[in-house]
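Analysis of the macromolecular model
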Amino acid sequence: MSGPLNALLDQDMPADIVLKSGIIKAQPESMFQVEETHIAGSVEKRRREFRAGRSLAREALGKLGIEACAIPMGPNREPIWPAMITGSISHCSSIGVVALGRRSVYEGIGVDIELDKPLPQDIPELVYTKHERNSTQGSSGIQNHDTLTFSAKETVFKCLFPLLGFYFDFKEVTLGFNTAERKFTAHLPARIAQQIGRSQLVGHYWITEGYILTLAYLKASEHQE
Ligand SMILES: CC(C)(COP(=O)(O)OP(=O)(O)OC[C@H]1O[C@@H](n2cnc3c(N)ncnc32)[C@H](O)[C@@H]1OP(=O)(O)O)[C@@H](O)C(=O)NCCC(=O)NCCS
């Protein structure tokens, strides 16, 4: 699977995160039986994106020296990675993306890809905190800031859900953007901070080839900067 965003992302990626992107193919990728059961009743589009994600994930695992293995789906749709790995999957339109790292370095990793276009009209209202709405600080300065904010919060969710085991709302997380470095900081509410022992996490964003891509991670305690 070729990676349309891979060249760009290789330049800026934290060195110990493997990120793979690829076109979602029409013809079936090879899958493990347990994975097929998750999409047995799904429509063709869903089967393709699920298979593309698993295929990219195996490529990424290979880069970390881990043999191809099944990546089943957990009870809340989260991917179940090999014990020493953490990571995340996203798909949008014709592209799939996977980000992986070693658990010894990262407690959690989240990734999300969205089309670089405005969100449907009623969505931004659900995404912003009051502080984000009333403040011009923290703006990314990009045209589709609403979509970037949505994507960054989805990324934060995917990074943290496997550690927390509970859902949380977009409005519980407040983002601040560093436009010069194309980074964001996610400020977390007390109920999350208490559980993970950190009150914020770091993220990166890229706007390229008509897509917005966001990545967030939580470093293991001994690797904190
Ligand atoms: C699941 C969700 C994060 C993204 O789903 P989506 O819109 O289909 O978008 P994406 O394609 O980017 O991501 C789908 C992938 O997310 C991953 N995912 C789904 N649920 C997950 C969970 N609970 N934890 C971690 N990863 C999850 C899966 O790998 C899935 O792909 P797969 O089913 O092919 O394996 C979103 O729909 C959701 O449920 N969000 C919860 C609320 C939220 O985001 N709150 C924000 C808090 S700040």
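In what follows, the accompanying structure is described. Here the structure is a predicted model, which is why all the values come from computation and not from measurement. Sequence order sets the numbering: in each chain, residues are counted from 1 along the sequence as written. Two thresholds apply to this predicted model, a pLDDT of at least 70 for residue-level local features and 80 or more for giving and counting side-chain atom pairs, whereas whole-chain, interface and lining totals are computed over all residues. Note that water and hydrogens are dropped before the side-chain values are worked out from all heavy atoms of the structure.

Helical segments are the DSSP runs of H or I of at least four residues, strand segments are the runs of E of at least two, and each set is numbered from the N terminus. Of regular secondary structure, the chain possesses seven helices and eight strands. Its C-alpha radius of gyration of 17 Å places the chain within 12% of the 17 Å reference for a compact globule of 225 residues. Principal-axis analysis of the C-alpha atoms places the extent of the chain at approximately 50 × 40 × 35 Å. Only protein chains enter the calculation, and the probe is 1.4 Å; a residue is then buried if its accessible area is under 20% of its type maximum, exposed if over 50%, and partly exposed in between. For the chain, the residues scored as buried account for 50% of the 225 residues in total. Contacts are assigned to residue pairs with any non-hydrogen atoms lying within 4.5 Å of each other. Of the contacts made within the chain by residues no fewer than 6 positions apart, 56% connect residues no fewer than 24 positions apart. Every accessible area reported is derived by Shrake-Rupley at a probe size of 1.4 Å, with residue values counting cover from the shown protein chains alone. For the chain, the exposed area adds up to about 10,800 Å²; of that, 50% sits on carbon and sulfur atoms. Both definitions apply: the radius of gyration is a C-alpha atom measure, and the globule rule equals 2.2 Å times residues to the power 0.38.

Around the ligand, the structure places 21 residues, and the nearest of them are Arg-46, Arg-54, Ser-90, His-91 and Lys-158. In protein, a polar contact means a hydrogen-donor-capable atom and an acceptor-capable atom, both N or O and within 3.5 Å, with residues adjacent in sequence counting only if both atoms are side-chain atoms; elsewhere, any N or O pair within 3.5 Å suffices. One of the backbone N or O atoms of Asn-76 is found 3.0 Å from a nitrogen atom in the ligand. Between the ligand and the protein, one listed contact pairs an oxygen atom with a side-chain N or O atom of Arg-77 at 3.2 Å. Within the complex, 85% of the 930 Å² of free accessible area of the ligand lies under protein. At the level of elements, helix H3 (44–63), strand S2 (85–92) and helix H6 (145–164) are the ones that each hand at least two residues to the shell around the ligand. Sorting elements by how many residues they give to the shell around the ligand places H6 first, with five residues. Polar here means any residue outside two lists: the nonpolar Ala, Val, Leu, Ile, Met, Phe, Trp, Tyr, Cys and Pro, and the charged Asp, Glu, Lys and Arg; Gly therefore counts as polar. Classifying every residue of the shell around the ligand by side-chain character gives nine nonpolar, three polar and nine charged. Note on definitions. A residue lies near a molecule or strand when any single heavy atom of the residue is within 4 Å of it.

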